[in-house]
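Residues per chain, in single letters:
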Amino acid sequence: MLGGDQELGSYYVGVDVGTGSVRAALVDQRGILLAFADQPINQWEPQFNHHEQSSEDIWVACCIVTKKVVQGIDLNQIRGLGFDATCSLVVLDKQFHPLPVNHEGDSHRNIIMWLDHRAVNQVHRINETKHSVLQYVGGVMSVEMQAPKLLWLKENLRETCWDKAGHFFDLPDFLSWKATGVTARSLCSLVCKWTYSAEKGWDDSFWKMVGLEDLVADNYSKIGNQVLPPGTSLGNGLTPEAAKDLGLPAGIAVAASLIDAHAGGLGVIGADVRGHGLACEGQPVTSRLAIICGTSSCHMGISKNPIFVPGVWGPYFSAMVPGFWLNEGGQSVTGKLIDHMVQGHAAFPELQAKATARCQSIYAYLNSHLDLIKKTQPVGFLTVDLHVWPDFHGNRSPLADLTLKGMVTGLKLSQDLDDLAILYLATVQAIAFGTRLIIEAMESAGHSISTLFLCGGLGKNPLFVQMHADITGMPVVLSQEVESVLVGAAILGACASGDFASVQDKLSALTAVVYPQDLFPAFQKSSRDVPQKDFYFHKSKNVESHASYCAHQENIVNDHWRRHSWWYSFVCLLACLF
C-alpha cells in the first residue's frame, strides 16, 4: 500500500520472483520505494534434487502483488514495468501451454527450478567435451545452468515434454513475454545461463556436440533468436489482457528483464559512497563486489576487460552493467543452509517458542542469545571448537564441484539452545569464508576488490553482515533501500519508458557501512583459516589422490587441531571419503 502524500509525478513498478515468493514495489522518479507487497509461491520436490514450480502460479502471484502496490494512486502516472526472476527453466508447447517437467506428467509443474540438480550425468558429459564456450562459465558448466536441464528433458521426457515443446524460457523472459506477447530474450539471461555470446551469438557447434542439435533448427526459435539488452522496451508495451490481470494501464512500457541477482547487483554496485572515507570512493566501480544474498548468494564483480576466473562464471559482456564484463561467483545455498541447520536442531522448538514470546524473528533472538553467552570474548570466538563445511548442495564457486558435501566437526552430546546458537554462528562464518575464497580466486585472476556492497534478505541480519566484514577484512556497504533487487527491477521499467537514460540511472545511495573488527584476523589464523584454505587450494589444483591431500593436511595442521587429534583424524577420514 502507498503511504503518505505523494507529489504528482511518474511511477514505475518492479516485480521480483524469488525462490519462495513474488514481490512487487512501486518506485518513484528518485528511485525511492513507495509501496511493497509479497506473495508466497508453491514449490514441489517429487524426489531428491528435483525442484519444480508452476508458471501459472507465479503469474497469478505477480498479479496479486502488483495490484496491491498500485492501490491509491492515479494509474495514468505509472510509466513502466520491469521484471526480474530466478534463472529457472520454463517449458511451454507450441501454443504456449505448460508442459510437464516431471515423470508424473503434471503439466501444472512446468518449471525446473534454478537449484534443481537432476542433470548431474548430463552436465558431466557436457563438461567432458571441453568446448570453448565453457571458458566463459569458469571452465566448468554448472548443473544449475540450462543446457544440462534441456539435455535431461530430451533424454528422460522425450514424448511427454521434449517433442511437444515449442518454447524454453528463462523465467525472467517468460514474465516479459506474458506481459507483452514478445518472445525476445534478455541478453542477461542468455549470456549468463545459456552460453549465448553478446559478441558472436549462438555457437552451433556446442549444441551439436552435446546432443541438442535440434535447438539449432529454425534459427534457435525455441530458445531465442531475438536478444535485447536489459531495460529495452518490448513491443507495444503491456497487452490489454496482461493489463487487466495486473491492474495496470495497457500500453505502458515493459522492459527486457534481468535475473534477480543481477537486478540486485545493478541496484547497489553504483551506490554513492562520498564522505564515508571508503577506499572505493577514489577507485573505479570495478573495485566493488556486489553480494546478493538470499536462498543462495551471488558475488558480482565487473571489469573493463574480460577476466577469466577458474570456477567463477563469466566473463559475460554487458550482462549487468552496460559496457562492462561481469564475473559471477556464488554459493548454491546460504539462507537455505542456515534454515536447514537451525530448523533441524533439537532445540529449534524451544527457539521458536522463546522468539515468539519476545515478538522477534528466530534469527534476531539467536543474535541476542549469542551476545548473552559470549561473555567478555568477541562473539566469533564461540566457534573455536566447532566447524562447518558449507557445501551441503555442492560448491558453485570457486571449486565448481557439485559432488562436494557438507560437514560439521566439534559436536558434543548436549543439544541445548546455546549449542544451537553456536552452530548457527559457525554456519554463518562458514558462508563468509566461502565468500572470502571467492574473492581470493577473483583477485588471483586479475580483479582488485576493496569494498563489498551487500543486499538481499540476509543483508538484514547484522550478524551475517558483520561476519562477512570480519572474515574478508573488507568494509560492507548496505544500501539505503533494503529492497535493492526490486528497485533494480523498477529501474528497468523506467529505462524502458524513456524516463531514465540507462539502467545505471538513479542507482541507490548507501545507508550504512559495517567495518571489520580489528581483533578478528587473529581468530581467522588461529582456528580455521589454514585447514579450509588448504582444502580449497588442493581441490582447485586437481590433487590426484585424496591420500596425498590427507598426508599434506598432516603437515600443515595447526595447534588447535593438534589439541583435538582424534577429531583431526576423523576429519581426514571424511575428506578421503569425499
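For the structure itself, look to the data block above.
Every value quoted in this text rests on a predicted model; they were computed, and no experiment measured them. Within every chain, residues take consecutive numbers counted from 1 along the sequence as written. Where totals are concerned, whole chains, interfaces and linings use all residues; where local detail is concerned, this predicted model gives features only for residues with pLDDT of at least 70, and gives and counts side-chain atom pairs only at 80 or more. Hydrogen atoms and water are omitted, and side-chain values are computed over all heavy atoms in the structure.

Topic: the overall build of the protein
- Only runs of H or I of at least four residues qualify as helices and only runs of E of at least two qualify as strands under DSSP, and these elements are numbered from the N terminus. Within the protein, the regular secondary structure consists of 19 helices and 21 strands.
- A simple rule labels every residue: compare its accessible area, found with a 1.4 Å probe on the protein chains alone, to the largest value its type can have, and call it buried under 20%, exposed over 50%, or partly exposed in between. By the burial criterion, 60% of the 578 residues in the protein qualify as buried.
- Taking the intrachain contacts of the protein between residues at least 6 apart in sequence as the baseline, contacts between residues at least 24 apart amount to 72%.
- We get accessible surface area from the Shrake-Rupley algorithm with a probe of 1.4 Å; when it comes to residues, only the shown protein chains can shield them. Accessible surface for the protein amounts to roughly 22,300 Å². Of this, 52% is attributable to carbon and sulfur atoms. Residues count as neighbours in contact if any of their non-hydrogen atoms are within 4.5 Å of one another.

Thoughts on the pairing of strand β20 (residues 476–479)
- Judged by which residues are buried, β20 turns out to be covered on both faces: Val 476 and Leu 478 on one side and Val 477 and Ser 479 on the other are all buried.
- Paired strands, in this sense, are two strands between which DSSP finds at least two bridges. Where strand β19 (residues 451–455) and β20 come together, 3 bridges link them in parallel fashion. From the neighbouring strand, Phe 453 faces β20, where its bridge partner is Val 477.
- A crossover counts as right-handed when, viewed with the strands pointing away from the observer, the path leading from the first strand over the helix to the second turns clockwise. Since β19 and β20 lie parallel, the crossover through helix α14 (residues 462–472) that links them has a hand, and here it is right-handed.

Quick notes on the packing of aromatic side chains
- Any two of the Phe, Tyr and Trp rings considered here, Trp counted by its six-membered ring, make a pair once their centres fall within 6.5 Å; the pair's planes then place it as stacked at under 30 degrees, edge-to-face at over 60, or tilted in between. Considering all chains together, one arrives at 14 aromatic pairs under this definition.
- Ring geometry for Trp 202 against Tyr 220: centres 5.1 Å apart, planes inclined by 20°, an arrangement best described as stacked. Remark: Tyr 220 occurs in helix α7 (residues 217–220) and Trp 202 occurs in the loop between α5 (187–193) and α6 (204–209); sequence separation between them is 18 residues.
- Of the residues examined, Tyr 220 reaches a relative accessible area of 4% and is grouped as buried.
- Taken together through their ring pairs, the aromatic side chains of Tyr 196, Trp 202, Phe 206, Trp 207 and Tyr 220 make up a single cluster.
- A ring is considered to have a charge above it if a Lys NZ or an Arg CZ atom is located within 6 Å of its centre and within 35 degrees of its normal. The ring of Trp 152 carries Arg 118 above its face, with NZ or CZ at 4.7 Å from the centroid.
- Looking at Lys 304, its charged tip hangs above the ring of Phe 324, at a distance of 4.5 Å from the centre.

Digging into the side chain of Asp 116
- With respect to the helices and strands, the residue Asp 116 is situated in the loop between β7 (111–112) and α2 (120–128).
- Pairing of N or O atoms within 3.5 Å defines a polar contact, subject to two protein rules: one partner must be a possible hydrogen donor and the other a possible acceptor, and residues neighboring in sequence count only if both atoms are side-chain atoms. There is a polar contact of 2.9 Å between the side chain of Asp 116 and the backbone nitrogen of Arg 118.
- When near neighbours in sequence (up to four residues on either side) are disregarded, Asp 116 contacts Asn 49, His 50, His 51, Val 143 and Lys 149.

Observations concerning helix α12 (residues 362–373)
- The terminal C-alpha atoms of α12 lie 16 Å apart, and with 12 residues this matches the ideal 16 Å at 1.5 Å per residue to within 8%.
- Considered for burial, the residues of α12 that qualify are Ile 362, Tyr 363, Tyr 365, Leu 366, Asn 367, His 369, Leu 370 and Ile 373.
- The inward-facing, buried residues of α12 contact α10 (335–343), α11 (348–357), α13 (417–445) and α14.
- The first or second residue beyond α12 is Lys 375, which carries a positive phi of 60°. Each residue after the first adds 1.5 Å to the expected span of a helix.

Comments concerning the pattern of salt bridges
- Definition used for salt bridges: Asp or Glu carboxyl oxygen within 4 Å of a side-chain nitrogen of Lys or Arg. Tallied over the full model, the rule gives 20 salt bridges.
- The partner of Glu 213 in a salt bridge is Lys 154, and the shortest N-O contact between them spans 3.4 Å. With a gap of 59 residues between them, Glu 213 in the loop between α6 and α7 and Lys 154 in helix α3 (residues 146–156) connect regions that are remote in the sequence.
- When its relative accessible area of 39% is taken as the criterion, Glu 213 is described as partly exposed.
- Between Lys 154 and Asp 214 there is a salt bridge whose closest N-O contact spans 3.2 Å. Taken as a pair, Lys 154 in helix α3 and Asp 214 in the loop between α6 and α7 lie far apart in primary sequence, 60 residues in all.
- A relative accessible area of 27% means that Asp 214 is categorised as partly exposed.
- In the salt-bridge network here, residues are joined through shared partners; they are Glu 52, Glu 104, Asp 106, Arg 109, Asp 116 and Arg 118.

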